[in-house]
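Residues per chain are reported as follows:
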Amino acid sequence: MGIMKIFIDSADLNEIKEAVSIGVIDGCTTNPSLLAKVGRKIETAIPEICEIVDGPVSAEVVAVECNEIVDEGRKLAKLHKNVVVKVPLIVEGLKAVRIFTKEGIKTNVTLCFSANQALLAAKAGATYISPFIGRLDDTSHEGMPLIEDIVRIYDNYDLETQVLTASVRNPTHVVQAALAGSHCATLPFSIIKQLLKHPLTDSGLAQFLADHKKAAAAAK
Ligand code: G3P
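Just so you know, these numbers come straight off a predicted model, no measurement behind them.

Listed in full, the buried residues belonging to helix α10 (residues 189-196) are Phe-189, Ile-191 and Ile-192. Along the axis of α10, the buried positions cluster into a sector of 160°, meaning they face one direction only. Against β1 (5-9), α1 (13-22), α9 (171-180) and β8 (184-187) lie the buried residues of α10.

Taken together, Asp-9, Asn-31, Lys-86, Phe-132, Arg-135, Ala-166, Ser-167 and Arg-169 make up the full set of residues near the ligand. At 3.3 Å, a side-chain N or O of Lys-86 approaches an oxygen atom of the ligand. One of the side-chain N or O atoms of Arg-169 is found 2.9 Å from an oxygen atom in the ligand. Looking at the shell around the ligand, its residues break down into two nonpolar, two polar and four charged.

With respect to the element layout, Ile-133 can be found in helix α7 (residues 133-137). On the accessibility criterion, Ile-133 (0% relative accessible area) is buried. With 37 residues separating them in the primary sequence, Ile-133 and Ala-96 have C-alpha atoms 24 Å apart. In this structure Ile-133 touches Gly-143, Met-144, Ile-147, Thr-165, Ala-166, Ser-167 and His-173, once residues within four positions along its chain are discounted.

A few words on the nonpolar core. Of all hydrophobic cores here, the largest spans 62 residues; its most connected members are Ile-129 and Ile-150. Dropping the residues within four chain positions of it, Ile-129 is found in contact with Leu-89, Asn-108, Val-109, Cys-112, Ala-118, Ala-121, Ile-150, Tyr-154, Thr-161, Gln-162, Val-163 and Leu-164.

Cut-offs used in this document
Residues numbered from 1 in each chain as written. Predicted model: local features only at pLDDT ≥ 70, side-chain atom pairs only at ≥ 80, totals over all residues. Heavy atoms only, no water. Buried < 20%, exposed > 50% of the residue type's maximum accessible area, 1.4 Å probe, protein only. Helix = DSSP H or I, 4+ residues; strand = E, 2+ residues; numbered from the N terminus. Arc of directions from axis to C-beta. Contact = heavy atoms within 4.5 Å. Near = heavy atom within 4 Å. Polar contact = N/O pair within 3.5 Å; in protein donor to acceptor, adjacent residues only side chain to side chain. Nonpolar A, V, L, I, M, F, W, Y, C, P; charged D, E, K, R; others polar. Core = buried A, V, L, I, M, F, W, Y, C linked by side-chain atoms within 4.5 Å.

Geometry only, nothing functional implied.
Next up, the structure:
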């Protein structure tokens, strides 16, 4: 399956651009809250994000009834070839996912909090399942074992649905997701930056540069 894919969880064009420039971003996920945060409408923001990110870009429906989800999702899918329609993990959502799957529209089933929900989403043909780890942690229920369970269940049956670890709150979540074999993780920009940071890297580099300067000045 290759190395764990890293998506940016954001609708902020500036931070998406900055993250993409590092060269480690494989896709992007958005949701209504992230769009509200930057004051953008989905119809105009998603095509702009797709111009920056060369990979899957999740755009979430706000309808909650199957036919309405399908109408909304079809419109979102037409915005750009890289759009993945994000659908909530409810009965009507899974009915819509089955239809999208038949039509070849990719889906990201979101707001997953249990392995049984993930099992049913895979049966409906979801391209991605998004278990929300941080929000489980918030309820004093450790989130990461859910990722391990879903990865194992999908492996048991060779299911093609990819586990997209979401609601990531710290760098440890990212390590744990990779150890569990999560196919992808979506990270806020702040976490992407934290992944790169280590104080020993900074102090080590400062020492190397200082020694080089000293040696260059002394060398004949
Ligand atoms: O993309 C949805 C998910 O990552 C939300 O995260 O921090 O709002 O729980 P959070």
